[in-house]
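# Observations on the three-dimensional arrangement
Listed here are the chains, written in short residue letters.
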Amino acid sequence: MSAALKYTLGRIGLFVAVLAGLWLIDMNVFLKLMLALVFSAALSFFLLRPWRDALAGEMADATERRRTEKERLRSALAGEDQDPTPNPTPPTDGPDTAR
């Protein structure tokens, strides 16, 4: 399961749990929703830290991969894409090269 999905489901689950706890209190529904949002955000800051860190790591890795691929494509378009190692096997003589 990806870290983004895990973190998102954790946030939603925490919100639902806090809302269920507040549902027993007699107050306005809008106020219950707002309090559940604020309390779940505060709790997720502490309780979901490992998942948030994993998500940040995945995002950083994806960003680095995109940056590397972008640099590779730019250098290939500029004509700077030279292999540092020469081809170790020379092409084989085909039927047209024996003439």
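Below is a summary of the structure that appears in this document. (Residues numbered from 1 in each chain as written. Predicted model: local features only at pLDDT ≥ 70, side-chain atom pairs only at ≥ 80, totals over all residues. Heavy atoms only, no water.)

### Some details on helix α1 (residues 3-23)
Helical geometry note: an α-helix holds 3.6 residues per turn, so side chains three or four residues apart project in the same direction. Between its first and last C-alpha, α1 extends 30 Å over 21 residues, near the 30 Å set by a 1.5 Å rise per residue. Within the span of α1, buried status applies to A3, Y7, G10, L14, V18, L19 and L22. Mapping the buried residues of α1 onto a view down its axis gives an arc of 160°, with all of them on the same face. Looking at the buried side of α1, the elements it contacts are α2 (29-47) and α3 (49-78). (Helix = DSSP H or I, 4+ residues; strand = E, 2+ residues; numbered from the N terminus. Expected span 1.5 Å × (residues − 1). Buried < 20%, exposed > 50% of the residue type's maximum accessible area, 1.4 Å probe, protein only. Arc of directions from axis to C-beta. Contact = heavy atoms within 4.5 Å.)

### With respect to α3
Look at α3: 43 Å from first C-alpha to last across 30 residues, which is about the 44 Å you get at 1.5 Å a residue. On its buried face, α3 is in contact with α1. Following α3 by one or two positions, G79 adopts a phi angle in the positive range, close to 85°.

### What to know about a nonpolar patch on the surface
A cluster of nonpolar side chains, namely M1, L5, L9, I12 and V16, defines an oily patch on the protein surface of about 520 Å² accessible area. Looking at the secondary structure, you find I12 in helix α1. Judged by relative accessible area, I12 falls into the partly exposed class, the value being 48%. (Patch = residues over 30% accessible without salt bridge, like charges linked within 9 Å, V, L, I, M, F, W, Y side chains within 5 Å. Areas by Shrake-Rupley, 256 points an atom, 1.4 Å probe, with all protein chains shown as cover. Salt bridge = Lys/Arg side-chain N within 4 Å of Asp/Glu carboxyl O.)

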